[in-house]
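# Reading the structure
Below, each chain spelled out in residue letters.
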Amino acid sequence: MSTPTTPSPAATPSSSAAPTVAELEEQERRLTLPRFTHDDAWALGSLLVELARERGAPVAIDIRRGGQQLFHAALPGSTQDNDAWIDRKRRVVERYAASSLLVGTRFRAKNTTFEASSRLDPDTYAAHGGAFPITVEDTGVIGTVVVSGLPQLEDHAMVVEALTRFITA
């Protein structure tokens, strides 16, 4: 059984290095949606479940628009700790209107950490990869999509892959 680990800034997926602030900002610009409906949340969430099952990833997935949870799935091997990580990472996106990985990376780029410099309770906020803003054209950030259960860069990469597929489908 896999439980979330405390991701380190040096943690990287086997295929690539940690993205830079500029690369993460470009992802967010590129992954803006024309709209986001309840049906879109179901389709995106189902796509994430499919990706996770293909990989045997023990993740939990959460999609929200505003304060409403539109999709949630907990795959085999995930635990209630994943739900706690989802909440902490989601709060970072809601507060900063940027992906949780981008927020953490911006702090590291200033030679500090989110935990040391944000002045926010680390039991409530986690600037670790896996939470991504749902941004709608001409509207802004309207929600979040979060994956928890893998190392932080892999959580983030899974969300980016799903959003990319969703937009180009």
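Just above sits the structure.
What counts and how
- Residues numbered from 1 in each chain as written.
- Predicted model: local features only at pLDDT ≥ 70, side-chain atom pairs only at ≥ 80, totals over all residues.
- Heavy atoms only, no water.
- Buried < 20%, exposed > 50% of the residue type's maximum accessible area, 1.4 Å probe, protein only.
- Helix = DSSP H or I, 4+ residues; strand = E, 2+ residues; numbered from the N terminus.
- Pairing = 2+ DSSP bridges.
- Expected span 1.5 Å × (residues − 1).
- Contact = heavy atoms within 4.5 Å.
- Salt bridge = Lys/Arg side-chain N within 4 Å of Asp/Glu carboxyl O.
- Core = buried A, V, L, I, M, F, W, Y, C linked by side-chain atoms within 4.5 Å.

We now examine the pairing of strand E4 (residues 131-136). When you tally the buried positions in E4, you get six out of six residues, the bulk of the element. Sheet topology places E4 next to strand E5 (residues 140-148); six bridges connect them, and they run antiparallel. Residue pairing in the sheet places Val136 in a bridge with Gly140 of E5. Two successive antiparallel strands, E4 and E5, enclose a turn made up of three residues, where Asp138 displays a positive phi of approximately 60°.

Here we take up helix H2 (residues 38-55). End to end, H2 covers 26 Å across 18 residues, agreeing with the expected 26 Å (1.5 Å per residue, within 8%). For H2, the set of buried residues is Asp40, Ala41, Leu44, Gly45, Leu47, Leu48, Val49, Leu51 and Ala52. Contact partners of the buried residues in H2: strand E2 (60-65), strand E3 (68-74), E5 and helix H6 (152-168). Note on H2: the residue one or two positions beyond its end, Gly56, has a positive phi of about 65°.

Glancing now at the sheet that holds E4. One open sheet holds the five strands; their spatial order is E1-E4-E5-E2-E3, and the pairing between them is mixed. Strands with a single pairing partner mark the edges of an open sheet, and in this sheet they are strand E1 (32-33) and E3.

Once that is clear, we can look at the pattern of salt bridges. Side chains carrying opposite charge are able to pair once their charged atoms draw close together. For the structure shown, the criterion picks out nine salt bridges. We note a salt bridge from Lys89 to Asp155, for which the minimum N-O separation is 3.0 Å. Residue Lys89 is located in helix H3 (residues 80-96), and its partner Asp155 is located in helix H6; the two are separated by 66 residues in the primary sequence. Under the relative-accessibility criterion, Lys89 is labelled buried at 2%. Here Arg165 ties to Glu161 by a salt bridge, and the two come within 2.8 Å at their closest N and O atoms.

With that out of the way, let us pick up the nonpolar core. One finds Phe36, Leu44, Leu48, Ile61, Ile63 and Val145 to be the most contacted residues of the largest nonpolar core, which totals 30 residues. Only H2, E2, E3, E4, E5 and H6 provide two or more residues apiece to this core. It is H2 that contributes the most residues to this core, seven residues altogether. Apart from residues lying up to four places away in sequence, Leu48 is in contact with Ile61, Val145, Val147, Met158, Val159 and Ala162. The next biggest cluster of nonpolar side chains, apart from the first, holds 12 residues, and it includes Val92, Leu102, Leu120 and Leu153.

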